[in-house]
Each structure stands twice: as structure tokens, then as C-alpha cells.
Amino acid sequence: MNFSEVFKLSNQLCKFSPNGKYLASCVQYRLVIRDVSTLQILQLYTCLDQIQHAEWSADSMFILCAMYKRGIVQVWSLEQPDWHCKIDEGSAGLVSSCWSPDGRHILNTTEFHHFETDTQDLTGIDWAPNGCVLAAWDTCLEYKVLLYSLDGRLLSTYSAYEWSLGIKSLTWSPSSQFLAVGSYDEKVRILNHVTWKPIKELVHPVVVSSPKTVAYREVDKSQSVEPSQLTFPPPRGTPSSLFTVHSKYELVDVPVTLRTVKPDTDRANPELGIGMLAFSPDNRYLATKNDNMPCCVWIWDIQKMRLSVVLEQTSPVRSFHWDPVQPRLAICTGNSKVYLWSPTGCVSVQVPVEGE
């Protein structure tokens, strides 16, 4: 695996285009578009203020930059670099901005009503990829998912239970056939697009016992360095320790008991429940993370509706993302490695960094 030179970034705004050909990064009020194959700069755009949100259109032809403080959205075209668009919400203010699935319309949410929703405190909204349905969900104190048509008609409402913490995460499958809802009760409920009722509940047990599940565990291996091989002072980039830590995955026989943490339920937003969800681009797999098992990534086979793989890392998982063109999952845990899973196996890749 090859790595580029380090480049500047603001607010962690760095996004690949859906077709995997371009990389957009934001540095204060500048938007930089790079060619992924060469990482050469293709376009450099200057916005009216510091960028707080950037998002590609579904066909990778346009990119929007939102400046919420000023209530302004600017749009740029990759095909026609001289073309640009500005949306100014003015005194209405701007809370969020996103593309519609057709990549030719933009949905802006302002401080005033979008249309009224049957919620106590609307927490989030998410378009179905086919652009036909808008999902909205309530505060975590109320388990409620609402499905709306484009003209604001309420199509269906789903609630799994009452009187307990409810929805923590939500995501659509790329085909729009399934809506995955992650809850504080450590379950994922898969709703279908016909009846909007659950067709499967995915449970995250402490002990994984199914013989059809493949379990991987990251293992640290220390490789010693002979003192005679060290120079004093050590050259730049050389670890100062006499041991260099390498990691790899080992297959673990089931049943396997996973590490858990005890959440503090007296605090707000406890480390409990399904905090991360992501479908693979081919709709085949769903990756999940149960926050009170912070070191584990669960990969579910959606065609068979069963747990396919569980990976246990040595450190808590901070993020994971699917490759946009094939079923390959990248995982990071805050160290200097990137972990890659595909149906053929797992590998850890060292990211080159300077110093310790």
C-alpha cells in the first residue's frame, strides 16, 4: 500500500467522491479537489467563509460547501470548473444542507419549520438513496422512526418499545430496500421498504457461538531490535524503544467471549448500544459497532440475515468505512494502522508517520 504526503485539513473535512476518482479536502475557506490516482490538485476553489460541511452529489459531478454561520451554500461543478452556484438563506439561518439522491437538488434545513413532524425533538433525517422516502427520528428518549413522502405525507411510523432509551443510529441500504435502526438495547432492527416493519433483529451477544461465524482477533507481536543495530542518537523516524510492535489477526475458535465495558447509565449519552452502522455498496454486508463492546466490529451477511464475521481489535474502534466499489471495510482505532477486511481475510497496514 502506498501513502501520500501529509496535506493540511480543517474540521476533518476530507471526502472521496462516490465514484472513487476524486478527493475533496477543505482548508478553512478553500476547497481542494485532487485526482485519487495521482493526488495532483485538479481544482482549487475559494468560498465566502470557513467551510463547515462538504458533500458530493451522487454522480460525483458536483460538490457543495455549506457555511452555516452565514447561511450560505456554494456549489461547484467538476465538468464545468467555471460554473458555480450560491444559495443564500439569509435571515432564515442554516442548520444543515444535503443533496437529494438525484444529485440535482439540495435540501436545506433552516431554523424555521421544514414541514411539521410528529416528534418531540427531531434529532435527524436521512434520504433513501432512491429519493422516494425521507426518514426522520426522534430524540433518544422516544423510540420513534417516521417515514415521509417528498410532499410531506406521513407514510409510516415505527416504534420498537417504550419507556427506555431509543434510537442511537440509522442508515439506509444502497438499494433503499432496507432501513437499519440501531438502538440502545444493543440490537439492530432491519425494516423492509414495503410494510416498514422489522424483518430481522440483529443481536450482539457477549458470547459468539455460531459455527457459521468467523472470528478474528488482533494480536500484538513485539519484534526485538539488537542494540548493535541502533545508532545514537537514533535517526529520525526510528523508534526509540528496543521493541517494535507489529500486529496481525488470528482466527479464534468459537465459542468466543468478547470484551465488554460497563456503561455509566447515570451519565448522558452512555457508552451503550449500536453507535455505528454501514452497508457495503453491493448491499451484501452490514457493519455495526456495539458501544459497550468498543473493540469489536460485527459484519452481517444481509442475504442470509446472519452474523458472518466478528473482529476484535486491541483498541476501541473509532471509525469504519466501506470501499465504494467493492465489499472491503477499512477500520481505524486511533493508532498508526489501518485495518482492512474483505471476504478473503483481514490485514493490518502500517501508516508511515514521523517520530514516535
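For the structure itself, consult the block above.
In short, a report on the structure. Keep in mind that what you see is a predicted model, and the values were worked out from it rather than measured.

### Here's the deal with the sheet that holds strand β15 (residues 167-172)
Part 1: The strand order across the open sheet built from four strands is β15-β16-β17-β18, with neighbouring strands paired in antiparallel fashion. Since the sheet does not close on itself, it has two edges, and those belong to β15 and β18 (198-203), each with one partner. The sheet shows a mean angle of 20° between the axes of neighbouring strands, taken without regard to direction.
Part 2: Inspection of the sheet shows β15 paired to strand β16 (residues 178-183) by five bridges, in the antiparallel sense. Bridged to threonine 171 within β16 is alanine 180.

### Observations concerning the pattern of salt bridges
Part 1: Taken as a whole and assessed by the stated rule, the structure comprises eleven salt bridges.
Part 2: The partner of glutamate 201 in a salt bridge is arginine 189, with the nearest N and O atoms 3.4 Å apart. Highlighted residues: glutamate 201 in strand β18 and arginine 189 in strand β17 (residues 187-192), separated in sequence by twelve residues.
Part 3: With a relative accessible area of 36%, glutamate 201 lands in the partly exposed category.
Part 4: Note that glutamate 312 and arginine 217 form a salt bridge whose closest N and O atoms lie 2.9 Å from each other. Of this pair, glutamate 312 sits in strand β26 (residues 306-312) while arginine 217 sits in strand β20 (residues 214-224), and the two are 95 residues apart along the sequence.
Part 5: The buried category is assigned to glutamate 312, whose relative accessible area is 4%.

Thresholds, definitions, all that
- Residues numbered from 1 in each chain as written.
- Predicted model: local features only at pLDDT ≥ 70, side-chain atom pairs only at ≥ 80, totals over all residues.
- Heavy atoms only, no water.
- Pairing = 2+ DSSP bridges.
- Helix = DSSP H or I, 4+ residues; strand = E, 2+ residues; numbered from the N terminus.
- Axes fitted to C-alpha atoms, helices over the stretch in contact; angles between N-to-C directions.
- Salt bridge = Lys/Arg side-chain N within 4 Å of Asp/Glu carboxyl O.
- Buried < 20%, exposed > 50% of the residue type's maximum accessible area, 1.4 Å probe, protein only.

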